[in-house]
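# Topology and contacts: notes
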Amino acid sequence: MHKLFLIIPLVLFCSLMSCGNNKALSQKNIEGISIKTSAQCGMCQKTLEDNIIYEKGIRAVSLDLDTQILTVRYDKRKTNADKIIAAINKLGYDANGSPANAEVYKNLPDCCKKEE
Ligand SMILES: [Cu+2]
């Protein structure tokens with residue numbers, strides 16, 4: 001009898017734990033990264049957020065204009081920091097010290113250019 005009282009909560013506990021583990025598994029490959037960009041205004045924010053979200057493996061993107069930090073959540077099986085930084089450079093923005101594509105930067109609206 002006493003054994004049964006022990007086993008029932010144990011079984012319940014185990015099934016609860018494995019449930020939690022499945023969730024942990026699907027989150028396991030998601031990484032977060034903060035990237036310093038050269039974004040200047042709301043237009044830059046829209047360009048970055050609207051484009052980076054469609055890059056392969058990206059789950060979430062948001063830019064803080066005050067700090068120019070782009071926060072990205074991504075699936076590390078599908079992409080990596082270098083690829084994300086390259087994608088930002090291709091849009092005409094510096095990312096963590098990696099310079100923007102000069103051609104694209106040249107064609108950005110004036111409000112999006114860095115103050116010299
Ligand atoms: Cu801008």
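Scope of this entry: the structure provided in the associated data block. (Residues numbered from 1 in each chain as written. Predicted model: local features only at pLDDT ≥ 70, side-chain atom pairs only at ≥ 80, totals over all residues. Heavy atoms only, no water.)

What follows deals with helix 3 (residues 81–90). Given 3.6 residues per turn, any residue in an α-helix points the same way as the ones three and four places further on. When helix 3 is considered as a whole, its buried residues turn out to be Ile84, Ile85, Ala87, Ile88 and Asn89. Elements that come into contact with the buried residues of helix 3 comprise strand 1 (30–36), helix 2 (42–52), strand 2 (58–64) and strand 3 (69–75). N-cap assignment for helix 3: the residue whose side-chain oxygen lies 3.1 Å from the backbone N of Asp82 is Asn80. Phi for Gly92, located one or two positions after helix 3, is positive at around 100°. (Buried < 20%, exposed > 50% of the residue type's maximum accessible area, 1.4 Å probe, protein only. Helix = DSSP H or I, 4+ residues; strand = E, 2+ residues; numbered from the N terminus. Contact = heavy atoms within 4.5 Å. Polar contact = N/O pair within 3.5 Å; in protein donor to acceptor, adjacent residues only side chain to side chain.)

What follows covers the side chain of Asp94. Mapped onto the fold, Asp94 is located in the loop between helix 3 and helix 4 (102–106). Apart from residues lying up to four places away in sequence, Asp94 is in contact with Lys36, Thr37, Ser38, Ile88, Asn89, Pro99, Ala100 and Lys114.

This next bit is on the pairing of strand 2. Taken together, the six bridges between strand 2 and strand 3 define a ladder with antiparallel strand orientation. The residue of strand 3 that forms the bridge with Ala60 is Arg73. Between the antiparallel neighbours strand 2 and strand 3 lie four residues, among them Gln68 with a positive phi of about 60°. (Pairing = 2+ DSSP bridges.)

We now examine helix 2. Of the positions making up helix 2, those classed as buried are Cys44, Leu48 and Ile52. Within helix 2, the buried residues cover an arc of 30° as seen down the axis, which keeps them to one side. Buried residues in helix 2 make contact with strand 2, strand 3 and helix 3. (Arc of directions from axis to C-beta.)

Note on the copper ion: its protein donors are Cys41 (SG), Cys44 (SG) and Cys112 (SG). The metal-donor distances range over 2.1 to 2.2 Å. For the copper ion, the single-chain donor residues occur in sequence as C-x2-C-x67-C. On the basis of relative accessible area, Cys41 is assigned to the buried category, the value being 17%. (Donors = N, O, S within 2.8 Å, 3.2 Å for Na, K, Ca; no water.)

Looking at the element boundaries, Ala100 is found in the loop between helix 3 and helix 4. Using a relative accessible area of 16% as the deciding quantity, one classes Ala100 as buried. Placed 13 residues apart in sequence, Ala100 and Ala87 show a C-alpha to C-alpha distance of 9.6 Å. Here Ala100 is in contact with Asn89, Gly92, Tyr93, Asp94 and Tyr105, once residues within four sequence places are set aside.

Moving on, we get to the pattern of salt bridges. A full pass over the atoms with the stated rule returns six salt bridges. As a salt-bridge pair, Asp50 and Lys46 come within 2.6 Å of each other at their nearest N and O atoms. Remark: Lys46 and Asp50 occur in helix 2; sequence separation between them is four residues, near one turn of the helix. In this structure Asp50 comes out as partly exposed when scored by relative accessible area, which is 35%. The class of Lys46 is exposed, set by a relative accessible area of 53%. Measuring nitrogen to oxygen at the nearest pair gives 2.7 Å for the salt bridge that ties Asp75 to Arg77. A single salt-bridge network, built from bridges that share partners, covers Arg59, Asp75 and Arg77. (Salt bridge = Lys/Arg side-chain N within 4 Å of Asp/Glu carboxyl O.)

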